[in-house]
Amino acid sequence: MPPKKNMGPVQKPADMKKAIKRIASYMYGFKLHFIFVVIGVVISAFAGIAGNFLLKPLIDNIEQALKTGDWNKKGFVGILAAMAGVYLFGALSTFVYQRLMMRVSTTTLMRIRNDLFNKMESLPIKFFDKHTHGELMSLYTNDTDTLREMLGNSIAQFISSAVTIVGVFVAMLIYSWLLTIIVVIMLFVIIRVIGFIGARSSKGFIAQQAALGKTNGYIEELIDGQKVVKVFCHEDIANEEFDRLNDELCQAATRANTFANILMPIMNNLSYLHYAVTAIIGGIMTVKGFGGMTVGTVISYLQFTRSFSMPITQVSQQLNSVLTALAGAERIFRVIDEEPEADDGYVTLVSADIAEDGTITESDKRTGRWAWRHPHKADGTVTYTEVKGRLELDDVYFGYEPEKTVLNGISLFAEPGQKIAFVGSTGAGKTTITNLINRFYDVPDGKIRYDGININKIKKSDLRRSQSIVLQDTHLFTGTVMDNIRYGKLDATDEEVYAAAKLANADSFITHLENGYDTVLTGDGGNLSQGQRQLLAIARAAVADPPVLILDEATSSIDTRTEALIEKGMDSLMDGRTVFVIAHRLSTIRNSNAIMVLEHGKIIERGDHNSLIAQKGKYYQLYTGMFELN
Amino acid sequence: MFRTIFSHVGQYKKQALLTPLTMIGEVAMEVLIPTVMALIIDNGIKKGRIGYVAGMGLLMVGMAIVSLSFGALAGRLSAVAAMGFAKNLRSDLFHKVQDFSFANVDKFSTASLTTRLTTDVTNIQNAFMMFIRSACRAPIMLIFALVMAIRMNSRLSVIFLCAVPALALVMGFIMTKAHPMFKAMLALYDKMNSGVQENLIGIRTVKAFVREEYENKKFTENTEAVRQAQVRAEKLVITTMPVMQFIMYTCIISILWFGGHMAVKGQMETGELSTFITYVGQILMSLMMISFLFMMFIVSRASMQRIYEVLTEKPTVTDPASPSDDVRDGSVVFDNVSFSYFDDMNNLALDHIDLTIESGETIGIIGGTGSSKTTLVQLIPRLYDATEGTVKVGGKDVREYSLEALRNNVAMVLQKNVLFSGTIKDNLKWGNQDATDEEITEACKAACAHEFIERFPNGYDTDLGQGGVNVSGGQKQRLCIARALLKKPKIIILDDSTSAVDTATDSSIRKAFREKLADTTTFIIAQRISSVKDADRIIVMDNGKISAVGTHDELLETSHIYREVYDSQQKGADE
């Protein structure tokens with residue numbers, strides 16, 4: 001792969017040590033690997049230095065031969081053999097450590113990804129309210145990418161560069177402490193130059209990032225609204241504004257990249273300067289015979305100066321990428337450290353055999369009937385309650401934020417098989433009630449009872465398994481139509497899926513798709529119309545076959561004629577279940593057992609359609625179109 | 001393709017061409033310096049000539065400074081050229097997209113267009129900068145260093161004859177092998193990330209169906225697949241480093257071996273020997289660089305292809321040669337009009353439509369999902385062109401008007417409508433840049449938007465945020481209607497534009513339309529019968545055809561579809 005340049009501005013982690021430790025904890029089982037990697041890196045770096053180090057005796061050997069006319073060939077071969085050995089060993093350890101490191105890095109990365117995703121799935125809905133998709137997505141893309149870069153390349157290169165710098169420095173010191181003084185001075189200059197240019201380039205990149213964000217934001221907004229732009233003949237104005245932003249971006253980017261681009265030639269040529277100065281002073285010293293300097297020493301030394309500047313530039317670059325990666329890792333760990341959705345429920349859902357006299361026994365087979373298994377801690381007994389879908393809300397107060405209550409004392413009662421409808425304007429609290437029933441959000445103990453059991457005692461997963469929900473925005477997953485319907489019940493047979501699709505009146509359009517039930521849906525089912533997607537969602541809920549059904553604007557995107565067509569299917573879907581319906585279109589809910597009119601988190605009217613119409617209150621106004629529903 | 005894309009270098013051509021030229025200067029110095037080095041050792045140090053050492057040393061310092069200047073200049077030039085190139089490319093793409101018709105946009109999808117303008121441009125920009133800096137530098141370095149080495153000692157240079165092809169062969173082999181593996185890896189990587197995206201969007205569905213474990217399992221399978229693909233691809237690529245080391249070390253040892261013998265025999269100086277080793281490094285490094293460039297070129301090719309597609313796309317709806325700017329009145333005629341989104345007469349969305357609408361009429365359009373209601377009205381402002389037949393506005397074929405004149409006179413409120421970041425007033429002014437405050441207020445009153453706007457603390461100066469997130473669905477729809485009204489059009493089309501507005505407000509909007517816009521031809525597409533009931537005529541669409549036309553009362557008698565829709569909405573209301 002092409003070498004990746006560290007383009008973005010440098011970010012700093014808050015607690016470097018902690019982040020490193022945390023990453024290291026994901027390398028379990030690879031301790032030995034890692035130790036070998038470090039050893040391999042050190043050997044490989046030393047091989048490079050040792051080769052140069054051996055150059056001096058070799059040259060001295062030749063010079064000696066020229067001076068005395070007597071060639072110590074044995075010595076010559078010996079040195080070369082040693083050199084060959086060292087080099088071979090070096091290349092081999094490079095090969096080995098890179099392989100090991102790749103195993104460590106890919107597995108570590110996979111573990112972190114899995115951990116992050118598993119954690120994300122366990123987080124409460126509240127968490128997703130607070131964080132945007134883009135924000136969370138960038139954990140999986142940007143942050144893991146920089147982490148991959150760090151684990152895959154930077155760590156090893158960093159160690160290698162550090163070892164090389166130290167090793168070369170020591171070797172230089174051994175050959176001539178005097179010349180090393182020049183090295184120290186050069187080192188000082190190099191660090192100053194890197195600091196100077198680095199600071200400017202980093203500032204430049206921050207400016208570039210800001211300009212890029214603005215330009216890309218504009219592109220996104222305008223392209224998303226392209227059709228509106230066309231309808232209003234706004235093209236010229238859009239072009240003008242875009243060109244302005246684009247120019248700004250170009251200026252910022254040129255500035256930032258100029259600094260980044262000139263760093264390498266400057267570093268490179270500083271090392272030539274260093275080389276020249278060393279040659280002059282070393283030459284003078286050899287000629288004067290000062291400090292035991294020989295031609296071999298000077299040549300070795302000069303090779304060293306060349307191999308000195310490269311790792312220094314690299315170290316500074318790698319340090320940046322390591323810091324950025326650690327900052328990203330911290331963001332990932334912050335999500336992994338989030339509190340998962342609390343679930344201390346102990347009442348579980350079990351398949352049950354129910355005898356004529358009403359006694360319930362647990363069954364290992366799927367009987368089609370369900371019971372709540374309720375262990376009592378106090379006396380160690382277990383009782384069973386049949387799952388019927390009876391729900392009871394008792395004076396429920398709730399707010400997504402503590403200071404802003406959305407529900408103000410809701411009390412209601414839903415008998416098994418009843419259809420309860422909620423009506424009210426946006427923000428009245430309709431969806432909030434359903435969010436509490438399936439415990440997307442929690443309320444204090446005893447406020448909501450399900451088949452007589454406090455729902456906080458019921459295991460969340462079992463509670464939700466006993467309810468199906470069809471949301472206004474249908475979310476489909478990449479996979480076949482079949483897979484998507486089966487999402488409601490993973491072990492559903494093909495026949496069960498067909499039956500559910502027929503019930504939802506989705507069968508006819510599905511069979512018209514290119515591959516029928518095996519048509520692959522991609523990009524959240526983008527190739528289907530909103531109405532078709534809703535039909536799939538209804539089929540998905542149907543196949544789950546739960547005692548409680550929640551329909552949150554489930555038919556809002558289906559035109560009234562089609563809705564009339566699926567009404568029969570919907571009726572048979574709702575038959576025998578407790579159903580909560582939220583609908584904008586009042587024709588949908590006329591046949592409900594009870595209609596609750598909500599306003600500002602309170603039930604202001606309740607009753608069936610006829611009684612509410614007769615009451616001539618809010619419902620009547622809504623129904624006759626005298627009042628705004630929004 | 002390359003010619004089209006690189007023609008966008010434009011005014012930065014000078015910099016783009018100068019970059020490799022200055023690079024030559026830098027490379028020349030870099031290759032000469034080791035030779036000077038050999039001279040210092042062999043002629044100066046060994047012979048004890050301090051003056052010579054100092055002189056050559058100073059020459060070297062001078063060369064380093066020259067090299068540095070060239071290098072820094074190349075850095076600057078390449079930044080200017082690459083960023084300028086990206087700017088031109090981005091700008092031309094954006095302007096191009098502004099010329100796109102609806103059909104063009106549909107073809108690419110907005111998400112894909114956005115990626116092409118952002119990620120793809122950045123990819124090309126980086127590749128381009130790398131390319132102009134290194135594409136010349138590496139081969140020149142290779143050639144210069146080889147020439148210098150041969151001049152210094154041609155016999156010893158034979159070693160390169162083996163080493164260079166060997167390394168080239170190995171690198172070529174690895175790169176060609178690795179490329180498909182990386183492609184496979186990236187595909188898996190995309191799949192993994194789109195899985196994450198789906199889970200983010202559908203988290204409520206996942207939780208409601210208790211599918212966390214199932215999703216975890218799916219994700220774990222994906223990450224494992226990514227890991228394996230990554231191992232497969234990288235296993236190959238990371239061998240380049242030890243292979244390179246091996247070949248380089250072999251060269252050094254052989255040079256020292258043969259060179260050492262020569263030196264002892266007095267055929268070569270030791271300083272030259274050391275310089276020769278420097279050349280080994282330069283030659284092999286540039287070879288590595290060339291193979292990396294090759295790889296990068298292949299990677300950025302995909303981005304180039306995607307940008308090329310946009311640049312060469314022909315806008316399907318364009319101004320006629322001598323356009324007419326005068327739209328006489330708001331009459332509309334469909335003369336035997338058929339339309340297909342795929343330009344395929346066997347797959348028609350509109351099937352031979354004949355329709356004549358007088359100026360000032362109010363037309364309601366009703367029909368099920370997919371009955372082509374929207375398609376019908378989109379032909380009026382020429383958002384699409386009819387596949388067959390002609391659409392006439394004000395007595396003239398719509399294709400005879402300039403697009404600007406036509407669309408300024410035919411205002412359309414889209415079903416999927418968008419507000420832009422900025423204040424309410426900024427957004428309304430899209431309809432008319434020079435609208436006065438009175439005109440704006442008047443339009444808002446007609447659209448029943450004035451009242452809620454006034455309730456905002458900042459009134460008309462309220463900031464909407466990106467995509468108009470600070471207003472509700474119904475408020476957004478009313479703002480969009482007001483925006484269209486400000487155009488003072490002769491024809492206005494409301495495509496399901498009041499679906500989120502309550503029936504009472506809906507009817508007062510219609511009332512305002514009747515009173516204030518009596519001369520404006522109005523099209524109302526709606527789901528609710530109540531929205532179209534009072535129209536002069538109602539068109540019932542079914543499956544791309546006009547099923548019936550008439551007033552509400554007539555249709556109740558004649559159209560069974562209309563009756564069914566009416567019944568489905570009316571049932572229970574009269575009880």
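Cut-offs and rules
Counting starts from 1 at the beginning of each chain's written sequence and moves along it residue by residue. Chain A is the first chain written and ligand 1 is the first ligand written, with later ones labelled in order. In keeping with the model being predicted, local features are shown solely for residues with a pLDDT of at least 70 and side-chain atom pairs are shown and tallied solely at 80 or more, while totals for entire chains, interfaces and linings include all residues. Pairing between strands is defined by DSSP: at least two bridges between them are needed. In this text, helices come from DSSP runs of H or I with a minimum length of four residues, and strands from runs of E with a minimum of two, each type numbered from the N-terminal end. Note on geometry: axes are C-alpha line fits, over the in-contact stretch for helices, and angles between N-to-C directions span 0 to 180 degrees. The pLDDT score gives, residue by residue, the confidence of the prediction method on a 0 to 100 scale. The contact criterion used here is simple: two residues whose C-beta atoms, placed from the backbone, lie within 7 Å are in contact. Residue ranges for the domains originate in an automatic or database domain assignment. In this scheme the burial state of a residue depends on its C-beta neighbours within 10 Å: 20 or more other such atoms mean buried, 12 or fewer mean exposed, and anything in between means partly exposed; the C-beta positions come from the backbone. Here the expected length of a helix is defined as 1.5 Å per residue gap, with one fewer gap than residues.

### Here's the deal with the sheet that holds strand 2 (residues 360-362) of chain A
Residues and elements named next belong to chain A.
- The sheet built from four strands is open, its strands ordered 2-1-3-4 with antiparallel pairing. Lying at the two open borders of the sheet, with one neighbouring strand each, are strand 2 and strand 4 (382-386). Adjacent strand axes in the sheet meet at a mean angle of 50° when their direction is disregarded.
- Pairing of strand 1 (residues 348-354) with strand 3 (residues 370-375), which is carried by four bridges, proceeds in the antiparallel orientation. Along strand 3, the bridge assignment pairs Thr348 with Arg373.

### Focus on the confidence of the model for chain A
All names here are of chain A.
- With 96% of its residues at a pLDDT of 70 or more, chain A shows a mean pLDDT of 84.
- For chain A, helix 16 (residues 560-574) is the element with the lowest average pLDDT, namely 75, and helix 12 (residues 481-486) is the one with the highest, namely 92.
- Of the regions scoring below 50 in pLDDT, residues 1-8 engages in 14 contacts with residues more than four places distant in sequence or in other chains.

### Comments concerning the domain arrangement of chain B
- You can read the domains of chain B as domain 1 (8-311), domain 2 (326-409 + 489-575) and domain 3 (417-488).
- For domain 1 of chain B versus domain 3 of chain B, the separation of C-alpha centres amounts to 52 Å.

### Let's talk about unusual backbone geometry
All names here are of chain B.
- The phi dihedral of Arg382 falls on the positive side, at around 60°, and the residue is not glycine.
- Counting through the fold element by element, Arg382 comes out in the loop between helix 12 (373-378) and strand 4 (388-393).
- Take Arg382: there are 23 C-beta atoms within 10 Å of it, and that puts it in the buried class.
- Of note, the phi angle at Lys488 is positive, near 50°, even though the residue is not glycine.
- You can see Lys488 is positioned in the loop between helix 17 (473-485) and strand 7 (491-495).

### Some remarks on helix 2 (residues 31-68) of chain A
- Taking 1.5 Å per residue, 38 residues should reach 56 Å; helix 2 of chain A reaches 55 Å between its end C-alpha atoms and fits that length.
- Downstream of helix 2 of chain A by one or two residues, Gly69(A) has phi in the positive range, about 75°.

### Some words on the sheet that holds strand 5 (residues 391-398) of chain A
Residues and elements named next belong to chain A.
- The strand order 6-5-8-9 describes an open sheet built from four strands, whose pairing is antiparallel. Edge positions in the sheet fall to strand 6 (407-414) and strand 9 (453-454), since each has one partner strand and no second.
- The sheet contact formed by strand 5 and strand 8 (residues 448-450) spans three bridges and is antiparallel. Paired with Leu393 across the two strands is Ile448, which belongs to strand 8.
- Relative to the sheet, helix 10 (residues 430-437) contacts strand 5, strand 6 and strand 8, its axis offset from that of strand 5 by approximately 115°.

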